[in-house]
Structures are given as structure tokens and as C-alpha cells.
Amino acid sequence: MKNKLSVFTALLLASTASHAADLEIHVQNLTQGIYFTPLLISAHPEEMMLFRTGEHASAELQAMAEGGNIELLANQMGNGGANNLENPAGGLLEPGMMASGMLSNDEGNASLSLVGMLLPTNDGFVGLDSWPIPSEPGTYHIYLNGYDAGTEANNEARGSGMPGEAGFPVPPPLEALIGHGGTGVTTEESNQTVHIHRGNLGDSNATGGKSDIDSTVQRWLNPVAKVTVIVN
Amino acid sequence: MKLVNSTVRLAVGLTILGGLTACGSDNEPVVSNPPPTPPPIEMKTFEVTLSNLTYGQPLSPAALLLRNEGALWEIGQMASVEVERIAEGGDNSALLSLAGNKVTASADGPLEPGMSQTFSLQLEATESANLTLVTMLVNTNDAFTGLTGLNLDAMQLNDSWSMTSGIYDAGTEANSELAGTIPGPADGGVGFDAMRDDVDFVAMHPGVVRQDDGKADSVLTQMHRFDNPAIRIRITRVE
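Here the structure is a predicted model, which is why all the values come from computation and not from measurement.

**Student:** Explain the pattern of salt bridges here, please?
**Tutor:** This structure, assessed with the given rule, holds 9 salt bridges over all chains. The partner of Arg196 of chain B in a salt bridge is Glu84 of chain B, and the shortest N-O contact between them spans 2.7 Å. With Arg196 of chain B in the loop between strand S8 (167-169) and strand S9 (203-204) and Glu84 of chain B in helix H2 (residues 81-89), this pair connects stretches of sequence that are 112 residues apart. Note on Glu84 of chain B: relative accessible area 1%, which makes it buried. Among the salt bridges present, the one from Arg210 of chain B reaches Asp213 of chain B, with a minimum N-O distance of 3.3 Å. Residue class for Arg210 of chain B comes out buried when judged on its relative accessible area of 7%. Each of the salt bridges in this network shares a partner with another, and the network as a whole consists of Arg219 of chain A together with Arg210 and Asp213 of chain B.

**Student:** Explanation requested: the sheet that holds strand S2 (residues 63-67) of chain B in the structure shown.
**Tutor:** Sheet strands associate in pairs through backbone hydrogen bonding, adopting either a parallel or an antiparallel arrangement. All names here are of chain B. In spatial order, the strands read S3-S2-S5-S6-S8-S9; together these 6 strands make up an open sheet with antiparallel pairing. Whereas interior strands pair on both sides, the edge strands pair on one side only; in this sheet they are strand S3 (101-106) and S9. Pairing analysis gives 2 bridges linking S8 to S9, with the strands arranged antiparallel. Bridge pairing in S9 places Asp169 opposite Ala203.

**Student:** Please clarify how the packing of helix H2 (residues 59-67) of chain A against helix H3 (residues 71-79) of chain A should be interpreted in this entry.
**Tutor:** Angle between the axes and distance between the axes are the two parameters that describe a pair of packed helices. All names here are of chain A. As a packed pair, H2 and H3 sit with axes 7 Å apart at the nearest point and diverge in direction by 145 degrees. Contacts between H2 and H3 involve Glu60, Leu61, Ala63 and Met64 on the former and, on the latter, Leu72, Leu73 and Gln76. Here the contact of H2 with H3 is built from residues that sort into 5 nonpolar, 1 polar and 1 charged.

**Student:** Would you mind going over the sheet that holds strand S1 (residues 43-52) of chain B with me for this structure?
**Tutor:** All names here are of chain B. Ordered by their spatial adjacency, 4 strands build an open sheet running S4-S1-S10-S7, and the pairing between neighbours is antiparallel. A single partner strand is all that each edge strand has here, and the edge strands are strand S4 (116-124) and strand S7 (160-165). Averaged over all neighbouring strand pairs, the angle between strand axes comes to 20 degrees, with direction disregarded. Here 9 bridges tie S1 to S4, and the two strands are oriented antiparallel to one another. Of the residues in S4, the one forming a bridge with Leu50 is Gln117.

About the thresholds
Residues numbered from 1 in each chain as written. Chains lettered and ligands numbered in written order. Predicted model: local features only at pLDDT ≥ 70, side-chain atom pairs only at ≥ 80, totals over all residues. Heavy atoms only, no water. Salt bridge = Lys/Arg side-chain N within 4 Å of Asp/Glu carboxyl O. Helix = DSSP H or I, 4+ residues; strand = E, 2+ residues; numbered from the N terminus. Buried < 20%, exposed > 50% of the residue type's maximum accessible area, 1.4 Å probe, protein only. Pairing = 2+ DSSP bridges. Axes fitted to C-alpha atoms, helices over the stretch in contact; angles between N-to-C directions. Contact = heavy atoms within 4.5 Å. Nonpolar A, V, L, I, M, F, W, Y, C, P; charged D, E, K, R; others polar.

Structure representation (C-alpha cells):
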């Protein structure tokens, strides 16, 4: 407990406030070939958010979706009074793997959100937007989709993780898994709002073609992740 | 949300519970093997209707098992050889003879897209039962669907649960889509191969690529595409 509450006050709050709780959170990557960059999980007031479909991505979201940088989003949420769980996997969450962590949310932080970049993609991310944290103790499962931030053309080529720069980063072990020499699938991003990702195209040519992505390995169908929340 | 909902969601990936109306328009004959028991005292029977929701993926003869244990596969974990056999080749015999099965049922033949089959599973009313249902999408390398470890003990007479299930990749065979590797009618190739030349863990399936999407050596076409969910399962306790 960060707050210096007396036991009496804590009990009083627990009985009257509906949403202060200790949350045990597990996130599983359900894909066979897509990596998640460090995850940001945030319990926040209803009026805050990490992302929303149909709206333009914030600069902070763009930095996460294009390069896996959650620092800006985490600071933004933290400054707004949210409780954050950052990088529970301690790096990339590999295909099929699970990351776990604890998150204590303050009263009023009754919405749970999550983001992490999907690799290899240009600006794809796994996302949860404002799931209402139940007040009733129990185990809850949520399935998450892959989103596109709408900030970068999906050229599917090696490149940069910096916002506004083309291509996607290839940190290890992706360096060894991704092709070279793709000429680029597209230079356009006609939908510049956050939307459901249309998926990777990929190709069978590791040294050329349009895409540096392997079409038989680094694709996905939704859902891409399962979140288990245990409300204590 | 009740615990039951949680368990179901855990087991089947994509789940909708509720009293949806029956959709089995083409119920196939039922094959059931009740356990060799002394004179039954009170029995319970579950009727399970499986519907193929895909466009062009026949489903291999399904295996239905009632067991004490829970899940027979898990995301992120290696597939058992029994699951590999059905996922790669549509062969459910190893699953049906798995140690620990209390009651099993199997389809006589494949389930074509748009069709349904109904199975009956009977056991003593006091016995606990976890349902596993597995079937292969036959025009793939190693895609399967179903559910595993769904506990049915809370079901009362005439209770009906309906759910859908997504598509898993066994991770035991690379999704090459090459001629000779797919047992379904798209290819007529080899089914089970003991060699494991893929990531060797179960996960959600990434989808098929097909010659129509630039994989020139694929035997699959646009008609073999699929998306989640692949099947609907309706379970009713009728006794």
C-alpha cells in the first residue's frame, strides 16, 4: 500500500468504495509468430484512456505502436493519477508465453487498459481499452484484438522504431527471423484513426519481394492475447 | 461473471454462453460407448451438437471424450502425440483410446461446411465429467478446433450451453501448404508425420496464405480461408 492509511480507514474505504482492489494480472500471447514489446497495463479513471478506436492516436500512443516505447504513455497516465504495471514480461513477450504481475488500483481507477506493440508490424499493437474492473472478487478472462495505430504506412519492411520513420524495428531475436530487401507493401495509410489491424500480408521471399515478413509464420487471426484478471 | 463462464472461456478461446436456438438441421447418427458399468442406478446424458461454421474446411471425424482430468492441450505448451495425430491427419483413434477416458463418442465421417452432427454421452449421474471435443480443419497442415476440459457437473436437466470455438495450430508441422502435406480434399496428401518441424507449441492459428495471396506453391485457394470462430458447440443435458 502506497497510501498511509490506518487500518481502520482502509477497511472503511474497502467497504464503501467499490473499486479499490488488488489485481493479479496474467497476459498470454496467443499467437505462434508475433512478439509483444513491453506491455503497459494501467488502471485509470474512466475519463482517461490509452487509445480509442475511431480516434487519432496520441503522440504517446504512436511512440508505443511504432517503436514499443511505453515510457511516454506511462508518464502521461501516472501524472493523471493512474496506477501502472509496466513491462511485466521484462522485455519481449514471446509467442505462446505468459507474463504476470500485480496491480493495486486506487479508488476511482476502475478502468483497465493495456497496450503493447506487435512485432513484426509497422504500427500494430495489442490493446484493451477501459475494461470496467469488477468489484466482485473472482477470476475474469478477456480476449484482445490486434489494432493499427493509423500513424504509419504498413510497408512491412525493416526500418525504424522512431515515430514518423518508415519500417519496423527488429530487436533480437527478430533480427534473425525477418527477411531482407522487401520493396514495401504500401506507402499509404489511408485510415489514420486507430482501427482493427488488417493483418500482415507477408510473402515467401526472405531476400526480396514486397515484404520482409514471412507469410506463413508472422500472421495472426484475432484474438491475439488472453488477459486473466484475478480480483482479490 | 460466474466461475462457470470463466472456465468455459478458458477452454474454448471464444465463447458465447446462452440459450441460443438449436441450429442442427442435419443430425447424424450417434455413436456412443457407455462405460462397462454394473447395473446403472441413475444416469445422465449429454447431447452435444457440433456445427461447422467454415466456408470450405470439412472437419475430420470429431473425438468427444469425458474424462476426470482437465485440459488435453494448452496454449504455449507442446501438443501431445494424440492431439498431433488428429491435428495433422484427422485421425482420432489415439484420442479415443486414451487412458482415462470414461465415455467417448466419434463421428462416422467428416463434417462438411454448414452441416451439424449430434453426439450422445452417457455416464452415471454422480460422476464428474470434463468434456473434450477435437476435430481437424482438414485442408490445412495442422489446424484443429474444439474445446478441452469443460466441466459439465453444474449442468442440470434440460440446461443448454452454446459456445463457439476458435482455431488452433498444433505447432507440430510447418504451415507449408505444399502439395503432399495436407490430407483434405484440397490435396489428398500425407496426414500424420512424427517429425515436428514447427515451433512445437500450441497457439491460435495464423490463418492460411494460399496461392491467391501470393504463395505460388500453395495447394490452397481463396476458398480455404477461415477466420475465428470455426465451430459452434451446443451441449444439452437430456437425462
